[in-house]
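# Close look at the chain arrangement
Okay, here's what each chain looks like letter by letter:
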Amino acid sequence: MPTVADRLVQTLSAAGVQRVFGLVGDSLNGITDSLVSHKQITWIPVRHEEVAAFAAGAEAAVTGDLAVCAGSCGPGNLHLINGLFDCHRSRVPVVAIAAHIPSTEIGSGYFQETHPQTLFKECSHYVELVSDPSHVPRIVETAIREAVTKRGVAVIVISGDTALKEAGTQLPAVNLIPRIPPIAPTDIDVMALADLLNSGSRITLMCGAGCAGAHDEVIALASKLNAPVVHSIRGKEHVEWENPFDVGMTGLIGWSSGYHAMLACDTLLLLGTDFPYRQFYPTEARIAQVDIRGENLGKRCRLERGIIGDVKETLRRLEPKLTKKADDSHLRTALSHYKSARAELDSLAVATAGRRPIHPQTVARIISELATEDAIITCDVGEPTVWAARHLKMNGKRRLLGSFLHGSMANAMSQAIGAQVSSPMRQVISMSGDGGFSMLMGDVLTLRHLKLPIKVVIFDNGLLGFVDIEMKAAGFLPTGTRLDNPNFAEMAKAIGIYGVRVEDPGELHGALEAAFKHDGPAIVDVVTDPLELVMPPKVTIDQAKGFSVWMMKAVLNGQGNELLQLARSAWAR
């Protein structure tokens, strides 16, 4: 007779699930054994459950399909939580299986006991305990539908002994996952938005991840309104490419042209973005927002018009109601600013043989040049995200993944695992910071174990670089930011992975090219400049004061040599 675990696996299979990322444990025995018996879903072993959650999120992001991860009772499923927070905030459909202690011991303070239904509540749409065989497949089906239709995480909690009980008679539904139709705005809202835009004279578009699939509609709108297009980091892969109206990013890691295009407008249209940094919104402009989630409307700024609707469908209905703008002065000014800002950024991404240390911008530029047309690139939080945002070129086929909303370290290689397993024919590159890489470094062994041809490029500046800069900008002497790193390339070789260390800019292109051509996983340890400054699009008075206070403290505390090195690094430009 089939067990509850068998029925759970049957239900996942009916939903199209192809793999489960996780780390085995005795409370998962029934489920892992059932996976082996059914042979339709593959168990993907990792060395840390947090990696399993990040990997599942990456699979869901790349494929658009439901992904699954699992952790054993207590510490095992606790390790999932950070990765699941990232999945949930990124709105990707993931089901997590959180195994539990023996059902007869719940509430007794048993070995490894936690309360998963409470623990996972904040990082999921749905979390429920399977306490009776009749709960499966119903609870599993509900979790799947919650994850898919609400775009986020759902958690199934099940004790190991419950999973081994005889299953009930109910079988999984045939058409388990419903089709989700586009959300169309009302005609009244579309007309009101058209009136607002027709009355504006200097219009700017701000585009986020909600513009996925709406590239052509955004370009058509920008053309009709003579509007510069600014994007967030999550909007980059959707609107930046083949866009004659693109003026770059704004925000803390953006650049000046995007910032000023928003500041100078009299009408701002937010499309599929929940851009969180209120200090970068214009204070005098009229603002409208289009989002499929009504709860996002007006969360960051005062709106004149908020519209619930899919961006693509909304723009399709809006475009015929707009009057073509004749005045393009706002657009020309923004494009001119972008041209100079882009040239300045590009001038920082140069490599001169023998001139050490290597500028991290150069690493990102060469990665972009060498990456395949449909490469999936992941980037760690901090400085790797900055260089990815500023120097990677998107083309409508490449994907860019990161922990852009949750902001967790150690996401890049973990997400690369999920991307590579689910897309084995595509090139996958991890732009890893040395801090992020070393945090979950154990899963380098997963690359070897699964023979995943992921290329991990480590930006090795011996520093938690972004944190270091934030401390200095706030007037603090950096504490705890320096990293005593090993030679990561030699470490890779020691565990049987291709490894190369690059210290000379003249060797960088060749080293990356060789690593990318290698048939298997590769680690490229690039020693980069620890004093490379990340300049925001606008330096505030408080930041300038803070930096001055840091310089004074550095001299008084015998760290003046760092100021000299910083000056030399800047002067070498």
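Parameters and conventions
Residues numbered from 1 in each chain as written. Predicted model: local features only at pLDDT ≥ 70, side-chain atom pairs only at ≥ 80, totals over all residues. Heavy atoms only, no water. Salt bridge = Lys/Arg side-chain N within 4 Å of Asp/Glu carboxyl O. Helix = DSSP H or I, 4+ residues; strand = E, 2+ residues; numbered from the N terminus. Buried < 20%, exposed > 50% of the residue type's maximum accessible area, 1.4 Å probe, protein only. Axes fitted to C-alpha atoms, helices over the stretch in contact; angles between N-to-C directions. Parallel < 35°, antiparallel > 145°, perpendicular 65-115°, else oblique. Left-handed = near helix turned anticlockwise from the far one by under 90°. Contact = heavy atoms within 4.5 Å. Polar contact = N/O pair within 3.5 Å; in protein donor to acceptor, adjacent residues only side chain to side chain. Pairing = 2+ DSSP bridges. Core = buried A, V, L, I, M, F, W, Y, C linked by side-chain atoms within 4.5 Å. Disulfide = S-S within 2.5 Å. Nonpolar A, V, L, I, M, F, W, Y, C, P; charged D, E, K, R; others polar. pLDDT = per-residue confidence, 0-100.

So, about the pattern of salt bridges. Tallied over the full model, the rule gives 24 salt bridges. With a closest N to O distance of 3.1 Å, glutamate 319 and lysine 224 form a salt bridge. In this pair, glutamate 319 sits in the loop between helix 13 (311–318) and helix 14 (329–347) while lysine 224 sits in helix 10 (residues 215–225), placing the two residues 95 residues apart along the sequence. Given a relative accessible area of 30%, glutamate 319 falls into the partly exposed group. Arginine 426 is paired through a salt bridge with aspartate 374; the nearest N and O atoms lie 3.8 Å apart. With arginine 426 in the loop between helix 17 (412–422) and strand 15 (428–433) and aspartate 374 in the loop between helix 15 (360–370) and strand 13 (376–379), this pair connects stretches of sequence that are 52 residues apart. Through salt bridges with shared partners, a single ionic network connects Arg356, Asp460, Arg501, Glu503 and Asp525.

Geometry of a packed helix pair, given as the angle between the helix axes and the separation of the axes. Two elements in contact, helix 1 (residues 4–14) and helix 7 (residues 138–150), have axes whose closest approach is 9 Å; the angle formed by their N-to-C orientations is 30°. The orientation of helix 1 with respect to helix 7, classified from their angle, is roughly parallel. Here helix 1 and helix 7 pass one another in a crossing that is right-handed. Residues Leu8, Thr11 and Leu12 of helix 1 form the contact with helix 7, whose own contacting residues are Val140, Glu141 and Ile144.

Among the structural elements, histidine 330 can be located in helix 14. Of the polar contacts made by the side chain of histidine 330, one reaches the side chain of threonine 204; its length is 2.9 Å. The residues touching histidine 330, leaving out its near neighbours within four places in the chain, are Arg202, Ile203, Thr204, Pro228, Ala261, Ala264 and Cys265.

Turning our eyes to something else, we now look at unusual backbone geometry. Of note, the bond from valine 136 into proline 137 is cis; its omega dihedral lies within 30 degrees of zero at 20°. As for its placement among the helices and strands, proline 137 is situated in the loop between strand 5 (126–130) and helix 7. Going from arginine 356 to proline 357, the amide bond is cis rather than trans, its omega being -5°. Turning to its location among the elements, proline 357 is positioned in the loop between helix 14 and helix 15. Not every positive phi belongs to a glycine, and arginine 151 is a case in point at roughly 55°.

As summarised here, the arrangement of the six strands in space is 9-8-7-10-11-12, forming an open sheet in which the pairing is parallel. Each edge of the sheet is formed by a strand with only one pairing partner; in this case those strands are strand 9 (246–249) and strand 12 (305–308). Adjacent strand axes in the sheet meet at a mean angle of 20°, parallel and antiparallel pairs treated alike. Examined bridge by bridge, strand 7 (residues 203–207) and strand 10 (residues 267–271) share five bridges and lie parallel to one another. Bridging from a neighbouring strand, cysteine 207 pairs with leucine 271 of strand 10. Contacting strand 7, strand 8 (229–231), strand 9 and strand 10, helix 12 (residues 256–263) crosses the sheet at an angle of about 110° to strand 9.

As a further point, take the environment of serine 329. With respect to the secondary-structure elements, serine 329 resides in helix 14. The exposure class of serine 329 is partly exposed, given its relative accessible area of 31%. For the pair serine 329 and arginine 202, spaced 127 residues apart in sequence, the C-alpha to C-alpha distance is 8.3 Å. A polar atom in the side chain of serine 329 sits 2.9 Å from the side chain of aspartate 327.

For the rest of this paragraph, the subject is the nonpolar core. In terms of nonpolar packing, the biggest core is built from 56 residues, with Ile367, Leu400, Met431 and Val457 touching the most fellow members. Here the element with the most residues in this core is helix 22 (residues 508–517); it accounts for five residues. Sequence-distant contacts of methionine 431, that is, excluding residues within four places in its chain, are made with Ala364, Ile367, Ile377, Thr378, Cys379, Asp380, Pro384, Ala388, Leu392, Ala412, Val457 and Phe459. One finds Ile44, Val157, Leu440 and Phe488 within the second-largest nonpolar core, a separate group that totals 49 residues.

It is worth spelling out the state of the cysteines at this point. In this structure the tally under the stated criterion is zero disulfides. No disulfide involves cysteine 73; its sulfur sits 16 Å from that of cysteine 69, the nearest cysteine. For cysteine 73, a relative accessible area of 7% puts it in the buried group. Cysteine 87 supplies the cysteine sulfur nearest to cysteine 379, a cysteine that is in no disulfide, at a spacing of 16 Å. Note on cysteine 379: relative accessible area 0%, which makes it buried.

Our next topic: helix 12. Working note: α-helix, 3.6 residues per turn, so residues spaced by three or four point in the same direction. Every buried residue of helix 12 is listed here: Ser257, Gly258, Tyr259, Ala261 and Met262. Residues of helix 12 that are buried in the fold lie against strand 7, strand 8, strand 9, strand 10 and helix 14.

We now examine the packing of helix 10 against helix 13. Packing of helix 10 against helix 13 leaves a shortest axis separation of 9 Å and a crossing angle of 35°. Seen from above, helix 10 lies across helix 13 with left-handed handedness. Contact with helix 10, carried on its side by Glu217, Val218 and Leu221, involves Lys312, Leu315 and Leu318 of helix 13 and no other residues of that element. Partitioning the contact of helix 10 with helix 13 into residue classes produces four nonpolar, no polar and two charged.

With that settled, consider the environment of histidine 135. Mapped onto the secondary structure, histidine 135 falls in the loop between strand 5 and helix 7. Histidine 135 gets classed as buried once you look at its relative accessible area, which sits at 17%. A C-alpha to C-alpha distance of 49 Å links histidine 135 and serine 368, two positions 233 residues apart in sequence. Filtering out sequence-adjacent residues up to four positions away, histidine 135 remains in contact with Leu129, Val130 and Val140.

The predicted model of the protein has a mean per-residue pLDDT of 93, with 93% of residues at 70 or higher. Here residues 553–557 is modelled with pLDDT under 50, and outside its nearest four sequence neighbours on either side it reaches ten contacts, counting other chains as well.

The buried count for strand 11 (residues 286–291) comes to five of six residues, which makes it a mostly enclosed element. By the bridge criterion, five bridges tie strand 10 to strand 11 in an arrangement that is parallel. Opposite leucine 270, over in strand 11, you have glutamine 289 as the bridge partner.

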